[in-house]
Amino acid sequence: MKRVDLKKILYMDFLIRHKCTGTSKEFAAKMDMSRSTLFEYIAYMRDELEVCILFDKFLGTYYYAGKNLYTSLGFKVVG
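None of these values were measured; they are calculated from a predicted model. (Residues numbered from 1 in each chain as written. Predicted model: local features only at pLDDT ≥ 70, side-chain atom pairs only at ≥ 80, totals over all residues. Heavy atoms only, no water.)

Undergrad: Explanation requested: helix α3 (residues 35-47) in the structure shown.
TA: Given 3.6 residues per turn, any residue in an α-helix points the same way as the ones three and four places further on. Between the first and last C-alpha of α3 there are 18 Å, a value that for 13 residues agrees with the 18 Å anticipated at 1.5 Å per step. Those residues of α3 that sit buried are Leu38, Tyr41, Ile42 and Met45. Considered in projection along α3, the buried side chains sweep an arc of 100° and stay on one side of the axis. Against α1 (6-17), α2 (24-31), β1 (53-56) and β2 (61-64) lie the buried residues of α3. (Helix = DSSP H or I, 4+ residues; strand = E, 2+ residues; numbered from the N terminus. Expected span 1.5 Å × (residues − 1). Buried < 20%, exposed > 50% of the residue type's maximum accessible area, 1.4 Å probe, protein only. Arc of directions from axis to C-beta. Contact = heavy atoms within 4.5 Å.)

Okay, here's the thing in structure tokens:
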């Protein structure tokens, strides 16, 4: 992936953390991108940012298994 839009990464993180992504088709529509671009962003987050993103077929949403974007970047969660 050549360029990454930080706003898109942050919005993806928001949707994933709140478990409201929907299927890949719905998630891509919410992100205003194609499914293939969505999968590139997910691969970037998995490979470069080292977050584990999985899909729950029962709930129909993507979710973090383990650390999320912020903990992966070294931010401490307060509260």
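Undergrad: Before we go on, may I ask you to explain α1 in this structure?
TA: For α1, which comprises 12 residues, the first-to-last C-alpha distance of 16 Å matches the rise-based estimate of 16 Å (1.5 Å per residue) to within 8%. Every buried residue belonging to α1 is among Ile9, Met12, Asp13, Leu15 and Ile16, and all of these are buried. What you see down the axis of α1 is that its buried residues fit within an arc of 165°, all on one side. Summarising the geometry of α1, the exposed residues directed more than 90 degrees from the buried face are Leu6 and Lys7. Residues of α1 that are buried in the fold lie against α2, α3, β1, β2 and α4 (69-72). For α1, the N-terminal capping position is held by Asp5, with its side-chain oxygen 3.0 Å away from the main-chain nitrogen of Lys7. After α1 finishes, the residue Lys19 shows a positive phi value of roughly 50°. (Polar contact = N/O pair within 3.5 Å; in protein donor to acceptor, adjacent residues only side chain to side chain.)

Undergrad: Before we go on, may I ask you to explain the packing of α2 against α3 in this structure?
TA: It is the contact of α2 with α3, at a shortest axis distance of 9 Å, that shows an interaxial angle of 90°. Taken together, the axes of α2 and α3 lie roughly perpendicular to each other. For the pair α2 and α3, contact is made by Ser24, Lys25, Phe27, Ala28 and Met31 and by Arg35, Leu38, Phe39 and Ile42, respectively. Residue classes in the contact of α2 with α3 are distributed as six nonpolar, one polar and two charged. (Axes fitted to C-alpha atoms, helices over the stretch in contact; angles between N-to-C directions. Parallel < 35°, antiparallel > 145°, perpendicular 65-115°, else oblique. Nonpolar A, V, L, I, M, F, W, Y, C, P; charged D, E, K, R; others polar.)

Undergrad: Before we go on, may I ask you to explain the pairing of β2 in this structure?
TA: Looking along a regular strand, one sees side chains alternate from face to face of the sheet. As paired elements, β1 and β2 share four bridges and run antiparallel to each other. Residue pairing across strands places Leu54 opposite Tyr63, the latter belonging to β2. (Pairing = 2+ DSSP bridges.)

Undergrad: I would appreciate a short explanation of the packing of aromatic side chains in the present structure.
TA: Think of a pair of aromatic rings as described by two things: how far the centres are apart, and how the planes are tilted against each other in angle. The final tally for this structure, using the stated rule, is three aromatic pairs. Centre to centre, the rings of Tyr11 and Phe14 are 6.4 Å apart; their planes meet at 10°, and the pair counts as stacked. In this pair, Tyr11 and Phe14 both sit in helix α1, three residues apart, roughly one turn of the helix. A relative accessible area of 38% means that Tyr11 is categorised as partly exposed. An aromatic cluster of at least three residues, connected via ring pairs, comprises Phe27, Phe55 and Tyr62. (Phe/Tyr/Trp six-rings, centres within 6.5 Å; stacked < 30°, edge-to-face > 60°.)

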